[in-house]
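Close look at the chain arrangement
For reference, the chains in residue letters:
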Amino acid sequence: KARNLLNQTVVVNQNTTMKTGISTSTIEKAFTFGKDTSGNYAVSNIINGPASGASVSMPAINPNFITEGGIHNHSTQTYDVPSPGDIYWFWQTHHDNIDFNYYGTNGANTGAEYVFTITNPTDFVAFPTNYPVNTYFDATTQDWKKTVSIGKDFVAVENYFLSINKSDEESKELAMAFVIGKYGMGIGISKKDTNGNFQPIFVKEIATQIPI
């Protein structure tokens, strides 16, 4: 369903426009989409984030259509993969509008496109209770705090993939998929392939025994 929504002509056209100049942009941009009263898909205007490069917000409600999701650009100053802050933003937007179920991210460095979808509504509702933002999220680095469980696991998985010659971007992508799954955040992360399909990313921890 996410693929079908994000491939709607009006959504594709607005996303193409928004991505113009993304490889050199220092600000984040966003727009939202949904169905109007006639059942046709519509999009909002493109919203520019602050000049400081800080995160751009996606309004949960639009007066012209029932908002079902949104897409935003990461700037050249951040990694392509959605950040922990994006997960908290997604939760807040969904909390404000239960129809907001798709949260897209365009990367400026590799051109990667991601989408968060809700895979377990109960777990997603409980996400900020289980993992309070002030405890787990570092607003300065826009990353998981490295002193807590999620942050420690994220760094360990990222370093593992770096050690087997994965790029910085892919290592962060795989580490994010790992902690999303391990900690039961109630969402899934998918990445657009060369055919335009969004493929889910899973990283599973496998215990091994070392022979004595």
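Look up a bit, the structure's there.
First, a word on scope: everything that follows refers to the structure included in this document. (Residues numbered from 1 in each chain as written. Predicted model: local features only at pLDDT ≥ 70, side-chain atom pairs only at ≥ 80, totals over all residues. Heavy atoms only, no water.)

1. Quick look at the packing of helix α3 (residues 84-96) against helix α4 (residues 121-130)
Direction vectors running N to C along α3 and α4 enclose 120°, while the axes themselves pass 10 Å from each other. By the angle between their directions, the pair α3 and α4 is classed as oblique. Helix-helix and strand crossings are classified by hand; for α3 and α4 the assignment is left-handed. Between α3, through Ile87, Tyr88, Phe90, Trp91 and His94, and α4, the contact on the second element is made entirely by Phe124, Val125, Phe127 and Pro128. Its residues assigned to classes, the contact of α3 with α4 comprises eight nonpolar, one polar and no charged. (Axes fitted to C-alpha atoms, helices over the stretch in contact; angles between N-to-C directions. Helix = DSSP H or I, 4+ residues; strand = E, 2+ residues; numbered from the N terminus. Parallel < 35°, antiparallel > 145°, perpendicular 65-115°, else oblique. Left-handed = near helix turned anticlockwise from the far one by under 90°. Contact = heavy atoms within 4.5 Å. Nonpolar A, V, L, I, M, F, W, Y, C, P; charged D, E, K, R; others polar.)

2. A closer look at the packing of helix α6 (residues 149-163) against helix α7 (residues 168-182)
Across the interface, α6 lies against α7 with an axial gap of 8 Å and an inter-helix angle of 140°. Here α7 runs oblique to α6, going by the angle between their axes. Note on packing geometry: the crossing formed by α6 with α7 is right-handed. Contacts from Ile150, Asp153, Phe154, Val157, Glu158, Phe161 and Leu162 of α6 reach α7 at Asp168, Ser171, Lys172, Leu174, Ala175, Met176, Phe178, Val179 and Lys182. Each residue belonging to the contact of α6 with α7 can be placed in one class, and the counts come to 10 nonpolar, one polar and five charged.

3. Digging into the nonpolar core
Formed by 37 residues in total, the largest nonpolar core has its most connected members in Ile87, Phe127, Trp144, Val179 and Met185. When contributions to this core are tallied by element, the ones reaching two or more residues are α3, β6 (113-118), α4, α6, α7 and β9 (187-192). Per element, the largest residue contribution to this core is seven residues, and it comes from α7. Not counting residues up to four positions away in its chain, the partners in contact with Phe127 are Ile87, Tyr88, Trp91, Trp144 and Met185. Core analysis: the next-biggest nonpolar cluster, separate from the first, contains 12 residues, Met18, Phe33, Ile71 and Val115 among them. (Core = buried A, V, L, I, M, F, W, Y, C linked by side-chain atoms within 4.5 Å. Buried < 20%, exposed > 50% of the residue type's maximum accessible area, 1.4 Å probe, protein only.)

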